[in-house]
Amino acid sequence: MTGDYPQVSHNQLKRYTRLLDAKFRREEGIFLAEGVKVVEELLKSNWQVETMLVLPEKESYWHQVLLPAKDKFPVYQLNRSDWKRLSQDKEPEGLLAIVKRKEQSSLAAWMQSAEGNLLVVCEISNPQNLGALIRSACWFGFSGILLTTNSVDWTHPKVVRASMGGVFHLPVLTDIHLDQLLSALMKEYIVIGSDVHRGMSPRPLNQKALLLVGSESHGLPENILVKVHERWRIPGGNESDSLSLPQAAAIMMYEMSKHES
């Protein structure tokens, strides 16, 4: 089967390698999505694929996923050394999509149609943490994610990989100025601030809520925390300093997704 796919050209490979840079992803309007599960979720969504790349030696992993859609876009094969220039995995699954980026909706228009809980991520720099947060938000039925300025680009290959395809099912709005927007959000949502030091235990809520989380290193700024409706923390401690950001956020999102009896 892989004999039917042409080898990627030198110029193509050069272009795709540059997608590891956020500036080039923005300029080109495309980004990388690697992994069988990630591509499977991509193909279920309404996102457009520009090109699909495959590693022939891993055909048993990706054959069934690619087979129904292979005539909808060009498919090229790479050798192992070229694949390593693009891959995020130590042992790759051999399937990688070049995805066309959608134009972001205006915040005002999107907020009018948003239903359900929201996650706001403030100045997060770790791409794998952001990907894990997107994955959990998708699992717990959140309506979308607002990503503040000075945060990692959500199209970073490690974000997309860690989200396990969640980025294709959950809108992510970027460049949010939280200090300017918070007052308006508090009129529409119960706003919960994640605080590792103090606060009440997470609880079920009977109305739309918004969870604010900060970076794992610094948390949320105090000038934001003093304004929220409630501060939440995960009780515990024992011999561990704290939960990881994705762990703590997932517990809070789970509680928010329940309803008071």
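These notes cover the structure that comes with them. Quick caveat: nothing in here was measured; it's all calculated off a predicted structure. (Residues numbered from 1 in each chain as written. Predicted model: local features only at pLDDT ≥ 70, side-chain atom pairs only at ≥ 80, totals over all residues. Heavy atoms only, no water.)

1. A look at the packing of aromatic side chains
As enumerated under the stated definition, the model contains 6 aromatic pairs in all. Centre to centre, the rings of Phe31 and Trp47 are 5.9 Å apart; their planes meet at 85 degrees, and the pair counts as edge-to-face. Taken as a pair, Phe31 in strand 1 (residues 30–34) and Trp47 in the loop between helix 3 (36–44) and strand 2 (49–54) lie far apart in primary sequence, 16 residues in all. Assigned by exposure class, Phe31 and Trp47 land together as buried. Ring geometry for Phe140 versus Tyr254: centroids 6.0 Å apart, planes at 55 degrees, classification tilted. Of the two residues, Phe140 sits in the loop between helix 7 (127–139) and strand 6 (144–148) while Tyr254 sits in helix 11 (residues 245–257), which places them 114 residues apart along the sequence. Clustering of aromatic rings is evident, with ring pairs tying together Phe31, Trp47, Trp154 and Phe168. (Phe/Tyr/Trp six-rings, centres within 6.5 Å; stacked < 30°, edge-to-face > 60°. Helix = DSSP H or I, 4+ residues; strand = E, 2+ residues; numbered from the N terminus. Buried < 20%, exposed > 50% of the residue type's maximum accessible area, 1.4 Å probe, protein only.)

2. Digging into the packing of helix 3 against helix 4 (residues 59–66)
With their axes 10 Å apart at the nearest point, helix 3 and helix 4 run at an angle of 5 degrees to one another. As judged from the angle between their axes, helix 3 and helix 4 are roughly parallel. Contacts between helix 3 and helix 4 pair Val36, Val39, Glu40 and Leu43 from the former with Tyr61, Trp62 and Val65 from the latter. Taken together, the residues of the contact of helix 3 with helix 4 sort by class into 6 nonpolar, no polar and 1 charged. (Axes fitted to C-alpha atoms, helices over the stretch in contact; angles between N-to-C directions. Parallel < 35°, antiparallel > 145°, perpendicular 65-115°, else oblique. Contact = heavy atoms within 4.5 Å. Nonpolar A, V, L, I, M, F, W, Y, C, P; charged D, E, K, R; others polar.)

3. Description of unusual backbone geometry
Non-glycine residue Met164 carries a positive phi angle of around 55 degrees. When you line up the elements, Met164 lands in the loop between helix 8 (157–162) and strand 7 (172–176). Not every positive phi belongs to a glycine, and Asp175 is a case in point at roughly 60 degrees. Mapped onto the secondary structure, Asp175 falls in strand 7.

4. Digging into the pairing of strand 6
Strand 6 sits mainly inside the fold: 5 of its 5 residues count as buried. Alternating residues of strand 6 divide into Gly144, Leu146 and Thr148 and Ile145 and Leu147, and every residue in both groups is buried. Remark: the strand 5 (residues 118–121)/helix 7/strand 6 crossover connection has right-handed handedness. Note that strand 6 and strand 7 share 3 bridges and pair parallel. Its bridge partner being in strand 7, Ile145 is matched across the sheet by Val172. Handedness of the β-α-β unit built from strand 6, helix 8 and strand 7 comes out right-handed. (Right-handed = clockwise from strand over helix to strand, strands pointing away. Pairing = 2+ DSSP bridges.)

5. Quick look at the sheet that holds strand 1
The strand order across the open sheet built from 4 strands is 1-4-2-3, with neighbouring strands paired in mixed fashion. Edge positions in the sheet fall to strand 1 and strand 3 (75–77), since each has one partner strand and no second. Taken over all neighbouring pairs, the strand axes of this sheet differ in orientation by 25 degrees on average, direction set aside. The strands touched by helix 1 (residues 10–17) are strand 1, strand 2, strand 3 and strand 4 (95–100); relative to strand 2, the strand with the most contacts, the crossing angle is about 105 degrees. Lying on the sheet, helix 3 is in contact with strand 1, strand 2 and strand 4; it crosses strand 4 at an angle near 40 degrees.

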